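# Structural overview for review
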Amino acid sequence: MTLIYKGNVDRTLDQLLATYGKESARGTKLEAWLFDDAPSRRAAEVRLREFGVNAKLRSAYKPFLHFFLEEVDLVDVKSIAIGYPVHESCPHNRFLLESYPLAALTETAEIAFEIGRTNDFIYDVTLVYKDGRKAEHAIFAPNRIHTDFIGETLFSPTGWIRLNGEPEGKRIETDYEALFHTAMRMVAGYDWRNREPYFEELSIRASLPIADQPLPVGQEIISLREALHEDLYFSLLEVFQKKSGRPLGDRGLQPGQIIPEITLSKDSSISLNIETVALDASQRDGALQTMATASSPISFFQISSELAKIGGDAFKAYSRAGRVVEARYRHGSDAAIMISGGQHPNETTGIVGALRAAQELSLRPDAHFTVSPLENPDGYGVHQRLCADNPRHMHHAARYTALGDDLEYRTGTDLYEKAIRLEAERISKAQLHVNLHGYPAHEWTRPMSGYVPRGFSMWTLPKGFFLIMRYRDGWEMPAERLIDAVTQRLTAVPGLMELNDRQIRLYETHAGETGFRIINGFPCLISMDNRHAVPLTLITEYPDETIYDEAFIAGHTAQMQTVLAAYDALQTCVLPKAVALSV
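These lines cover the structure that appears in this document, whether it is placed above or below. (Residues numbered from 1 in each chain as written. Predicted model: local features only at pLDDT ≥ 70, side-chain atom pairs only at ≥ 80, totals over all residues. Heavy atoms only, no water.)

## Thoughts on the pairing of strand β24 (residues 522-528)
Looking along a regular strand, one sees the side chains alternate between the two faces of the sheet. As paired elements, strand β22 (residues 466-471) and β24 share 5 bridges and run parallel to each other. Note that in β24 the partner of L467 across the bridge is C524. Sheet topology places strand β23 (residues 517-519) next to β24; 3 bridges connect them, and they run antiparallel. Looking at the pairing, R517 lines up with C524 of β24. (Pairing = 2+ DSSP bridges. Helix = DSSP H or I, 4+ residues; strand = E, 2+ residues; numbered from the N terminus.)

Printed below as a string of structure tokens:
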């Protein structure tokens, strides 16, 4: 274990109270934008008023949305017209995205967005009430242009302060920003060795007094702690991508396991601890669940025991931490498929869906398939560990392996987890791989790094059950026929079309044009990709990160039904003669 940094950050609210919470400040009008939860800001306002200070403490994170959550009673509002700002230094829809999910919170009020001010930070809002009254507001969204730790220029939310009605005010570096910048500076400036992996686990533990705020829209939640986890994790990946000489976003990078653990402090303190530690290979137990009604991610033990029920030939690989990657091969006279889940194991419905589908197929005498339900057990271990603190966070530190890479992009001789997929290809000679994935079920942001997740902008908002079809050159027609057949069959899954319709409508309101095809009511991307030996790859993307109970059951049921639909479609699909399947 090597300690890199340990320290505390002074809380900005405490600093404001020390400066203005005294008799000499009486009569001051104070406006500030901070990265704090609403109860903390309201409590500080009350204390400041006791000293005669007229204080309004707003959220620096999604200030426009917080204006409606904290300052507007929508019950009597008939319509809302919004002019959102655009700025040349950020994506065109950036401030439209920041208003999410307002359109789902407006009760019966009609809402309309249009482009407003250019190169400014202000939303212009007109509220029309049912009794004919009209109110206009200019909502300030403080931002700053800055250069990040890899030399990229970004436009990010920041703290701000105004005194006594001054028109401009000035930026302040809040505690939240200082914590992020300190963590990044300490890791980026450390003297790492000159080869990958740089460590086994890089542990970043931070504690902040900021509570989460669930919203009454699907799985939506305002969580500055979750956002800090996301920003630290992906920002540090980018730092090590630059250090390694790899291009930004390279998924083959193997820095080691980066794990930010961002917890709620028991008092008002803010702390940060950064160190390198040995890999954690522990596996947490959990109660056995009935597969068809499993309401949460299942345990390592249950994955293994459910896999054993499928029968067939067992094969396995090992992860970097020494965990077993288990799989089964059922030989039959049908056209073979590969079924996989858990490549990104914080995407949890695919693991259960893969097992349920394989168990269903195993009842068919001619079924021919491989199944590896948990390709990345080291990531699954991280997910279990982080969910013990907060199961409603996305925990993308569990996305990649203990090497820190995406196993699909791994090359070289030390294959570890990837060996399971190559063995499945070899023994099955399948022409279709159904690769079960998921994506965030609520908004995904990186507030300290431009707000929109760099490299993952299309996944920042939920948009229903999304399907990706990749095909090798010459396989376009089978790919089109297969995805048409699969989506047609999925229309019969109870509740799935309603989920798609609801999320796509909200996505279009807050993100603009979708940029993807809609096939039989399902958002899809279809493209040629010659990276894989298997000529057809169907990737599912269910909005499943952070879902539980009935939503989780619906998710793994949709995953199961997709595998079964794809399997049946392949049996009747006309394959290119040059590489026709031999069975």
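## Describing the packing of aromatic side chains
In this description, an aromatic ring pair is defined by two values, namely the gap between the centres and the angle between the planes. Evaluated as defined, the whole model comprises 27 aromatic pairs. Ring geometry for F95 versus F155: centroids 6.2 Å apart, planes at 80°, classification edge-to-face. Residue F95 is located in helix α4 (residues 94-98), and its partner F155 is located in strand β9 (residues 153-157); the two are separated by 60 residues in the primary sequence. A residue is classified by how much of its surface remains accessible, and F95, at 1% relative accessible area, is buried. Three or more aromatic residues link up through ring pairs in this structure, and these residues are W33, F64, F67, F68, F95, F121, Y123, F140, F155 and W160. R94 extends its terminal NZ or CZ atom over the ring of F95, reaching a point 4.9 Å from the ring centre. The cationic tip of K463 hangs over the ring face of F466; the distance from NZ or CZ to the ring centre is 5.6 Å. (Phe/Tyr/Trp six-rings, centres within 6.5 Å; stacked < 30°, edge-to-face > 60°. Buried < 20%, exposed > 50% of the residue type's maximum accessible area, 1.4 Å probe, protein only. Lys NZ or Arg CZ within 6 Å of the ring centre and 35° of its normal.)

## Quick look at the pairing of strand β18 (residues 324-330)
Bridge analysis of strand β17 (residues 313-318) against β18 gives 6 bridges, and the strand direction is antiparallel. Looking at β18, one finds that D313 is bridged to Y329. A loop of 5 residues connects β17 with β18, the two strands running antiparallel in sequence, and G322 in this loop sits at a positive phi of about 95°. Of the strand pairs in this sheet, β18 and strand β20 (residues 369-372) are connected by 3 bridges, and their pairing is antiparallel. Among the inter-strand pairings, R328 is bridged to a residue of β20, identified as V371.

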